[in-house]
Amino acid sequence: MGEDGVINVIQKLYNEFSPMEKKVANYILRNPDMVVEYTVKDLAKASDVSEATVVRMCKHAGYKGYWAFRTMLARDMGTIKKEKKGNVDNDNVIRELFQVYAEMIQTLGNRISIRAMKESAKILDTCKQVYIIAGGDTGTVAKHLSFRLGRAGIRAIYNELADYYLNTINLADQEDALIAISKSGITKTVLQGVELAQKKGLPVIAITEYENSALGELADHVLVCKGDFGRFDYYKNYSNLSVTAVVEALIGLLENRDKIIEKEMDTIELMLSEAKL
């Protein structure tokens, strides 16, 4: 394949692909930053083809399989980003960092499910108490969320020890709720807590970077906390900026729930009056 980048390879071979392979190629060409984070299952679903078709297209393009293809695409996207940033004036590095953070938050706001946010806020607003579980570095965010919920008038229970929170969930009843935080969506103790909560009949709200992860598939509502789709660091992302942004947005929704309900009622009344006319 020489030194050609993945995008160039796909463009050169595009006419040789089958119609179904072209659907995969089209999606990749339009969304390369997102594809570097996708599993075979994710890309197949996004392209509306089978997983086998995704693998065939990768091999047709000259790669040993999907993993090799995605690795090379991630390398290419990283190179492009470095070239773009290479011309930044050193005096503006700090401003550039804030710009990157701002873009991450904007991306997050554009992609998050508004319905999931509203349903999650409704659950928290009506539950007797909420249990918060997290693992690793997201424990600090969970502790912050517990504090913020308390200030919003919602009783929240959090402890960083897995044995402790598993025991407390075991004492919960159906009027309670669970918030599970895991960026990877595969943290073992968090998944154990979710499974226990489901047995107790608790609604589960997940905050994770991967909607199709084990955690995402178990939860009733998923709040995706991934604002940077150009990253390829599934296991090495230590930034909690996007997680914190989701937490603050959820709290903001709760703190303004009276105004939101009032506005929705006004909208309903307007629709009813127009219907009568």
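Residues numbered from 1 in each chain as written. Predicted model: local features only at pLDDT ≥ 70, side-chain atom pairs only at ≥ 80, totals over all residues. Heavy atoms only, no water.

## Side note on the overall build of the protein chain
Filter applied, for reference: Strands here are runs of E lasting at least two residues and helices are runs of H or I lasting at least four, both read from the DSSP assignment and numbered beginning at the N terminus. Contact definition: two residues touch when any of their heavy atoms are within 4.5 Å. In these tables, accessible area is a Shrake-Rupley quantity obtained with a 1.4 Å probe, and a residue counts as shielded only by the protein chains included in the view.
Along the protein chain, the regular secondary structure elements total 14 helices and five strands. Across the protein chain, every contact between residues at least 6 apart in sequence was considered, and the portion connecting residues at least 24 apart equals 70%. Surface accessibility of the protein chain: about 15,700 Å² in total, with carbon and sulfur atoms responsible for 53%.

## Examining the confidence of the model for the protein chain
So the rule is basically this: The predictor reports its confidence for every residue as pLDDT, a score running from 0 up to 100.
The predicted model of the protein chain averages 82 in pLDDT, with 81% of residues at 70 or higher. Within the model, pLDDT remains below 50 along residues 231-236, and this stretch shows 15 contacts once partners closer than five positions in the same chain are excluded.

## A closer look at unusual backbone geometry
Positioned with a positive phi, D48 is a non-glycine residue whose angle comes to about 65 degrees. Mapped onto the elements, D48 comes out in the loop between α4 (40-47) and α5 (51-60).

## A short note on the environment of F17
Tracing the backbone through its elements, the reader meets F17 in the loop between α1 (6-13) and α2 (19-30). C-alpha of F17 to C-alpha of R56: the two residues are 39 residues apart in sequence and 9.5 Å apart in space. Setting aside anything within four residues of it in sequence, one finds F17 in contact with I10, K22, A25, M57, H60 and A61.

## A closer look at the pairing of strand β1 (residues 130-134)
Worth spelling out the cut-off: Buried residues are those whose accessible area, probed at 1.4 Å on protein chains only, stays under 20% of the maximum for their type, while exposed residues exceed 50% and partly exposed ones sit between those limits. The pairing criterion is simple: DSSP has to find at least two bridges between the two strands. The path from the first strand over the helix to the second decides the hand: if it runs clockwise while the strands point away from the viewer, the crossover is right-handed.
Burial analysis of β1 places five of its five residues in the buried class, the great majority of the element. Of the two faces of β1, the one carrying V130, I132 and A134 and the one carrying Y131 and I133 are both buried. Pairing analysis gives three bridges linking β1 to strand β2 (residues 156-158), with the strands arranged parallel. Bridge pairing links I132 to Y158 in β2. Chirality of the crossover, the property in question, places the unit of β1, helix α9 (residues 139-151) and β2 among those that are right-handed. As judged from the five bridges shared by β1 and strand β3 (residues 177-181), these two strands associate in the parallel manner. Across the sheet, residue I133 finds its bridge partner in β3, namely A180.

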